[in-house]
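# Structural characterization, general
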Amino acid sequence: MCASVRACVLLCLTAYEDATIRQYQRLTKQLQPDMEGYERAKEKLGEAMYPGVNSLPSQDTDTVSKEAVDRMAADLEKQIEKREKFSRRRAFHDEADINYINERNMRFNKKAERFYGKYTAEIKQNLERGTAV
């Protein structure tokens, strides 16, 4: 187990950060940039492509192609569809401990337990026994 509460917290944070990094890498791996469009815009705009401190933004630099918007919308729809596949109605267990005040808090507690449960098991046992420091 953990040497201290601080060590447990640090381990828990790294577990959550690792999951976040994996999701970010998966999403960015799927992105396909339009390099031809980028090169065309760079040739067309010249120095205005990279505005500096003293330059004013113009209407020409903020244009986004319809294809890029469609790609982003399709990617977001794919993420939503994938998320919907994983959300299903869970069975309610009468024997389970009630450690929540509403549905949202119940989901949060389950997520926290899933990520941090193995690191906080010893602390919970000490609190239940009354021997916590």
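Each chain carries its own residue numbering, running from 1 in the written order of its sequence. Given that this is a predicted model, residues contribute local features only at a pLDDT of at least 70 and side-chain atom pairs are listed and counted only at 80 or more, while totals for whole chains, interfaces and linings are drawn from all residues. As a rule here, side-chain values come from all non-hydrogen atoms in the structure, and water together with hydrogens is ignored.

### Observations regarding the pattern of salt bridges
For clarity, the cut-off: A pair is scored as a salt bridge if a Lys or Arg side-chain nitrogen falls within 4 Å of a carboxyl oxygen belonging to Asp or Glu. We count a stretch as a helix when DSSP gives it H or I for four or more residues in a row; a strand needs E for two or more, and each element gets its number in order from the N terminus. Only protein chains enter the accessibility calculation, which uses a 1.4 Å probe; a residue whose area is less than 20% of its type maximum is buried, one above 50% is exposed, and one in between is partly exposed.
If you walk through the whole model with that rule in mind, you get 2 salt bridges. Lys-66 serves as the salt-bridge partner of Asp-70, at 3.5 Å between the closest nitrogen and oxygen. Of this pair, Asp-70 and Lys-66 both sit in helix α3 (residues 66-86), separated by 4 residues, roughly a single helical turn. The exposure class assigned to Asp-70 is partly exposed, which follows from its relative accessible area of 40%. With a relative accessible area of 60%, Lys-66 lands in the exposed category. Note that Lys-124 is salt-bridged to Glu-113, the shortest N-O span being 2.4 Å. Take Glu-113: its relative accessible area is 40%, and that puts it in the partly exposed class.

### Observations regarding the packing of aromatic side chains
The cut-off we apply is this: Pairing of aromatic rings covers Phe, Tyr and the six-membered ring of Trp, with a centre-to-centre limit of 6.5 Å; geometry is then stacked below 30 degrees between planes, edge-to-face above 60, and tilted otherwise.
For the structure on display, the rule yields 2 aromatic pairs. Aromatic pair Tyr-16 and Phe-115: ring centres 5.7 Å apart, planes at 80°, arrangement edge-to-face. Taken as a pair, Tyr-16 in helix α1 (residues 5-30) and Phe-115 in helix α4 (residues 103-129) lie far apart in primary sequence, 99 residues in all. Look at Tyr-16 and you get partly exposed, because its relative accessible area is 43%. Their ring planes at 45° and their centres at 6.3 Å tell us that Phe-115 and Tyr-116 sit as a pair that is tilted. The partly exposed category is assigned to Phe-115, whose relative accessible area is 21%. For Tyr-116, a relative accessible area of 22% corresponds to the partly exposed category. Cluster of aromatic residues (ring-pair linked, three or more members): Tyr-16, Phe-115 and Tyr-116.

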